Amino acid sequence: DSDADAMATFWHEITHNRHKGLGNANAGGKYSKTRRYMELANEFVARKTLPEFYKVLGCKKTPHTQYIDSRSSTGYNEMVTNYDSVVKGLKLKETKVLDAVRKHLFTEDYIKQKEGLRLGLQAGGIKKLDGSKPTTAELNKIIELCESGSRTTLNNWLKTNGFTK
């Protein structure tokens, strides 16, 4: 199991190397919010594309599929599982979310990854219970709550603001 976790970490680092090298590679500094959004996007893409990595290595099936959804060994786990909970909980089109986040991650400045996470939610078809589209400010708030860590706070906000019952 630790070997599989190490492989997932290796894939996370390879995913960083797929970035086109535009702009600030440090994403605003080691402890900045912009860096955390970049790491959220990178780890989300790495997890969701782990089967692609194993396929290239010749595996017919992805071993240790639990690492697609959660990797508690990383400092990014809570924010990534929060983002994933929004995608799954609001029944967004997961492939469209991944495609949008991945494209933005690989082609846009690392300092702008919050935008890519927002575009992912939009591409996935995020809507409120009444069918209306959320504002940019609401989408940014969702991403901020994903990054800050508290699933309870995130879920309460989604309920209070008409995304869930």
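What counts as what
- Residues numbered from 1 in each chain as written.
- Predicted model: local features only at pLDDT ≥ 70, side-chain atom pairs only at ≥ 80, totals over all residues.
- Heavy atoms only, no water.
- Core = buried A, V, L, I, M, F, W, Y, C linked by side-chain atoms within 4.5 Å.
- Buried < 20%, exposed > 50% of the residue type's maximum accessible area, 1.4 Å probe, protein only.
- Helix = DSSP H or I, 4+ residues; strand = E, 2+ residues; numbered from the N terminus.
- Contact = heavy atoms within 4.5 Å.
- Axes fitted to C-alpha atoms, helices over the stretch in contact; angles between N-to-C directions.
- Parallel < 35°, antiparallel > 145°, perpendicular 65-115°, else oblique.
- Left-handed = near helix turned anticlockwise from the far one by under 90°.
- Salt bridge = Lys/Arg side-chain N within 4 Å of Asp/Glu carboxyl O.
- Patch = residues over 30% accessible without salt bridge, like charges linked within 9 Å, V, L, I, M, F, W, Y side chains within 5 Å.
- Areas by Shrake-Rupley, 256 points an atom, 1.4 Å probe, with all protein chains shown as cover.
- Lys, Arg positive; Asp, Glu negative; His and termini not counted.
- Charge placed at Lys NZ, Arg CZ, Asp CG, Glu CD.
- Polar contact = N/O pair within 3.5 Å; in protein donor to acceptor, adjacent residues only side chain to side chain.

Peer 1: Lay out the nonpolar core with the relevant residues and their values.
Peer 2: Within the largest apolar cluster, 31 residues are counted, with the highest numbers of intra-cluster contacts made by Y83, V86, V101, L117, L121, I126 and I142. Elements with a contribution of two residues or more to this core: α2 (33-48), α4 (77-89), α5 (94-107), α6 (113-123), α7 (136-148) and α8 (151-160). The element best represented in this core is α2, accounting for six residues. Setting aside residues up to four positions removed in sequence, V86 forms contacts with L92, L121, I142, C146, L154 and L158. Judged by nonpolar contacts, the second largest core, of nine residues, contains A4, W11, F53 and Y54.

Peer 1: Break down the packing of α2 against α4 for me, citing the residues and quoting the values.
Peer 2: Where α2 contacts α4, the axes come no closer than 9 Å and their chain directions differ by 65°. With respect to α4, the element α2 is oriented roughly perpendicular. Along this stretch, α2 crosses α4, giving a crossing that reads as right-handed. Listed contacts from α4 to R36, E39, L40, E43, F44, R47 and K48 of α2 are N77, M79, V80, T81, Y83, D84 and K88.

Peer 1: Hey, could you go over the pattern of salt bridges for me, with residue numbers and the actual values?
Peer 2: What the rule picks out here adds up to 14 salt bridges. Here E147 makes a salt bridge to K33, at a shortest N to O gap of 2.7 Å. One end of the pair, E147, is in helix α7; the other, K33, is in helix α2, and 114 residues separate them in sequence. One salt bridge connects R102 with E52, and the closest N-O pair in it is separated by 3.2 Å. One end of the pair, R102, is in helix α5; the other, E52, is in helix α3 (residues 50-56), with 50 residues separating them in the sequence. Accessibility expressed as a relative area gives 16% for R102, which makes it buried. Through salt bridges with shared partners, one network takes in D5, E43, R47 and R71.

Peer 1: Can you tell me about a positive patch on the surface, naming the residues and giving the values?
Peer 2: A surface patch of positive charge is lined by K93, K96, K127 and K133. Residue position: K133 is located in the loop between α6 and α7.

Peer 1: Residue-level account of the side chain of R71, with values.
Peer 2: Positionally, R71 belongs in the loop between α3 and α4. Looking at R71, its side chain comes within polar contact range of the side chain of E43, at 3.1 Å. In this structure, R71 is in contact with D5, A8, T9, H12, E43, R47 and N77, ignoring residues within four places of it in sequence.

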